Each structure stands twice: as C-alpha cells, then as structure tokens.
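Summary of structural features
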Amino acid sequence: MAGGTAIVTGAAGGLGGAIGERLAAAGHELLLVDLDQAVETVAAAAGARSLVADLTKAEGVEAVLASAGGDVAVLVNNAGITRDARATKMEEAAFAAVIEINLVAAMRLTLALEPRYRDGAAVINMSSRASLGNFGQANYSASKSGLVGFGRALAQRWAPRVRVNALAPSLVDTPMTQAMPPEVLEKMVARIPAGRIGSPDDVAGTVAFLASPEAAYITGQVVFACGGRSVAP
Ligand SMILES: NC(=O)c1ccc[n+]([C@@H]2O[C@H](COP(=O)([O-])OP(=O)(O)OC[C@H]3O[C@@H](n4cnc5c(N)ncnc54)[C@H](O)[C@@H]3O)[C@@H](O)[C@H]2O)c1
C-alpha cells in the first residue's frame, strides 16, 4: 500500500532510521519521532518530517496526533530502552522506566491513533527475542512480551481494518548493542545460528514486508527476525 503517513518512533536510533528509509522507498509519507533531536538530521536525509517528542508524556502523544496529517497507513512502535540488571538487584525505577516507554507509551500512541488508521493500515510493534526471557533483562523481557500480548488483543478487535503484528529481532548492530561490553556481545553473537549480528537492514526489510500488502493476511503474529536465535539453546 503506497501512500498514507507512516509514523516511526525511536527514529533517531539505529533501527528507526533504517526502517524510515524502507518505508519512504515504499511510497509512504514519513513522520519520524524521537526524544533525541538527532531525529531532525535523520529525517532531513530521508526527506521526511520529524518531531522531537517524549512519548512517555501525554503532550508527546498529542504532538504526534497534531503532526500526523491525514490518514495513518503505518505505525511502527520502535522507541525503546534497556536498563539491565540481575532481577533481584534491579531497582524499581528501572522496571518502571522500561515498561513505561517500551510498553505503556506504545499502547498509548497506538490507541490514540485509532480513529486515524486508514483501511488496511499496519501497526508493527518492535518486540525482541528477549520476549522469550533474557538473563539480566527481566524488565525488558516483560515489556517486549507485553507488546506481543497487547498486539494480539488488538489484532482480534481491529481486523480487518487494521493489522497488528510484532517483530522480534535478536541482536542488531545499533548504538543499543554497541553500548554492551564487547566480550559479552561476542558471546551472545556466538549463539546466533546465522553466525552474525543482525544489521538494521535485516530488520527494516521485515518491517517493510509487514507494512506492505504482501502481508495483508498476517495479523496478530510475531515474526522472529533473529538469525534463528529463538530456536537455539
Ligand atoms: N539493537 C538490538 O539489538 C535490538 C534487538 C531487539 C529489539 N530491539 C528494539 O528495537 C528498537 C530500536 O532499537 P535500537 O537498537 O535502534 O535502539 P536505539 O537506542 O539506537 O534507539 C532507540 C530510540 O528510542 C528513542 N527513545 C527512547 N525513549 C524515548 C521516548 N520517551 N520518547 C521518544 N523516543 C524515545 C531514543 O532516543 C532512541 O533514539 C527498541 O525498541 C529495541 O528494544 C533492538
């Protein structure tokens, strides 16, 4: 489905920029949203509009509604953070912060846009292979499996007008993973059957597919774009 506005959150980040490029190539008018002002540079390069907004705040969601002129064809809930720690040592603030942006903010924006989705629109929630459970990421895993449940519930309710799917990458080469200690990252990459870390393009291509008419019969699903990590021990 070409045309219509595509909104990508967390678009200043490694994945968001690549997703924006693919959706622009598919003919969508892009609105790139991020807390980080760097989103303006990413948007300028992609010929897109940008919005600096904190999606954990009601004003941030209102600003997206005001900026997303016309019908919404695609929403990619991609903004996210990690605050890793051993579960028993994790501070409550670290649980709350991760759930708030990764899950609650995505829910709020998805629901606020409900009257604006065009027929055949696609919502894509950026989950993670960590939704299956990751050591040191109890908060992040909870937020990412929460997104899956949220999407499944909506997919039933909103079909056939709007499709809702989740995407679950494993490690992708972005600032989020570049911040990890190299020896930890190396060990984790060794467990990916594909034998390499994912590239932002690996993930962006799957988002573009889920947003396209080729995925018209896919809703309420989780696509593991993770090099087989979800089936590895
Ligand atoms: N990189 C990976 O290995 C990987 C793997 C699986 C899933 N993911 C998920 O993919 C998504 C993108 O990850 P990334 O690697 O590009 O990370 P990133 O840190 O490069 O980008 C995330 C972006 O979200 C933005 N953001 C954070 N809080 C926000 C808020 N309150 N309002 C608006 N924007 C906010 C940040 O400013 C940042 O630009 C995340 O949801 C992440 O959990 C990443």
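Check the entry above for the structure.
Throughout what follows, the structure given in this document is the object of discussion. None of these values were measured; they are calculated from a predicted model.

1. Regarding the nonpolar core
Membership of the largest hydrophobic core comes to 25 residues, with the highest contact counts inside it found for Ile7, Val33, Leu55, Val64 and Tyr117. Breaking this core down by element, the ones donating at least two residues are strand 2 (29-34), helix 3 (58-67), strand 4 (72-77), helix 4 (92-112), strand 5 (117-126), helix 5 (138-158) and strand 6 (162-167). Among the elements that line this core, the one with the most residues is helix 5, at 4 residues. Filtering out sequence-adjacent residues up to four positions away, leucine 55 remains in contact with Thr9, Val33, Gly60, Val61, Val64, Ala79, Ile101, Ala105, Arg108 and Leu109. Core analysis: the next-biggest nonpolar cluster, separate from the first, contains 24 residues, Ala11, Leu30, Ala43 and Ala48 among them.

2. Description of the site of the ligand
Of all residues adjacent to the ligand, which total 30 residues, the nearest are Asp34, Tyr140, Ser170, Val172 and Thr174. In the environment of the ligand, an oxygen atom lies 3.4 Å from a nitrogen or oxygen atom belonging to the backbone of serine 170. One nitrogen or oxygen atom from the side chain of threonine 174 is found 2.5 Å from an oxygen atom belonging to the ligand. Relative to its unbound accessible surface of 820 Å², the ligand loses 91% to contact with the protein. If you list the elements that add at least two residues to the shell around the ligand, you get helix 1 (14-25), helix 5 and helix 6 (175-178). Here the shell around the ligand gets 3 residues from one element, more than from any other, and that element is helix 6. Its residues assigned to classes, the shell around the ligand shows 15 nonpolar, 11 polar and 4 charged.

What counts, and at which threshold
Residues numbered from 1 in each chain as written. Predicted model: local features only at pLDDT ≥ 70, side-chain atom pairs only at ≥ 80, totals over all residues. Heavy atoms only, no water. Core = buried A, V, L, I, M, F, W, Y, C linked by side-chain atoms within 4.5 Å. Buried < 20%, exposed > 50% of the residue type's maximum accessible area, 1.4 Å probe, protein only. Helix = DSSP H or I, 4+ residues; strand = E, 2+ residues; numbered from the N terminus. Contact = heavy atoms within 4.5 Å. Near = heavy atom within 4 Å. Polar contact = N/O pair within 3.5 Å; in protein donor to acceptor, adjacent residues only side chain to side chain. Areas by Shrake-Rupley, 256 points an atom, 1.4 Å probe, with all protein chains shown as cover. Nonpolar A, V, L, I, M, F, W, Y, C, P; charged D, E, K, R; others polar.

No statement about biological role is implied by the geometric values presented.
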